[in-house]
Amino acid sequence: MVVGQASGKGKFSDNHPSPDYIAGLVQYSNGVRGIVETGDGAPDIPEVDTWWRKCRIGAQGTEGFAEVLTGGGWRAITRDSGGVISGPGNMDYAHDMPPYVQEIVEWLDDPARVHPCNGENAYKGFEIAMAICRSAVQRGKIKLPLSPGEPELEALARALPD
């Protein structure tokens, strides 16, 4: 189940059309709750240096929470952590690319292996994002998988006030 809210039409005219702000809650079937928030209405993230990376995604479970800050690392509280734990995180091509390329090599060499960035997994994230948009338009809960409907960004652009 997904619910979403959005505001602002200014960014619909740029090369990555979107509302100026969007937030969503995702209730997974295992009880974990995901929180997505990005745009000019999202809380500032001072540890993130540039405006285009000031977004986060988090998950809250029965024994803690975790969130990733785009370009700013991660933080969590878990049953066993004894408080807030955190770590760095930023795209570092020298460090991040070799294991990524190695996964591709292993996937290409073994037809039975499924790459973690496969289309089916990527579509799940896309479907959640579109469900957040659809919820903002329809003003209610959206169940996954998405049923056929109007293109979500076009509907959202029309639904938001000027």
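Structure: above.
Below, the structure is looked at part by part. Owing to the predicted nature of the structure, the values given are computational and were not obtained by experimental measurement. (Residues numbered from 1 in each chain as written. Predicted model: local features only at pLDDT ≥ 70, side-chain atom pairs only at ≥ 80, totals over all residues. Heavy atoms only, no water.)

The next thing to look at is the packing of aromatic side chains. Applying the stated rule across the entire model yields one aromatic pair. When the centroid spacing of 6.0 Å and the interplanar angle of 45° are considered together, the rings of Y123 and F126 count as tilted. Residue Y123 and its partner F126 are both found in helix α2 (residues 119–138); the two are separated by three residues, about one turn of the helix. Note on F126: relative accessible area 46%, which makes it partly exposed. (Phe/Tyr/Trp six-rings, centres within 6.5 Å; stacked < 30°, edge-to-face > 60°. Helix = DSSP H or I, 4+ residues; strand = E, 2+ residues; numbered from the N terminus. Buried < 20%, exposed > 50% of the residue type's maximum accessible area, 1.4 Å probe, protein only.)

Overall, antiparallel pairing links the seven strands, which are arranged β1-β2-β3-β4-β5-β6-β7 in an open sheet. The sheet is open, and its two borders are formed by β1 (2–7) and β7 (84–87), each paired with just one other strand. Taking the axes of each pair of neighbouring strands and ignoring which way they run, one obtains an average angle of 10° across the sheet. In this sheet, strand β4 (residues 55–61) lies alongside strand β3 (residues 33–39) in antiparallel orientation, the contact comprising six bridges. Within β4, the residue paired with I35 across the bridge is G58. In the packing of α2 onto the sheet, contacts are made with β1, β2 (21–27) and β3, and the angle to β1 comes to roughly 65°. (Pairing = 2+ DSSP bridges. Axes fitted to C-alpha atoms, helices over the stretch in contact; angles between N-to-C directions. Contact = heavy atoms within 4.5 Å.)

All quantities given are derived from atomic positions and should not be read as evidence of function.
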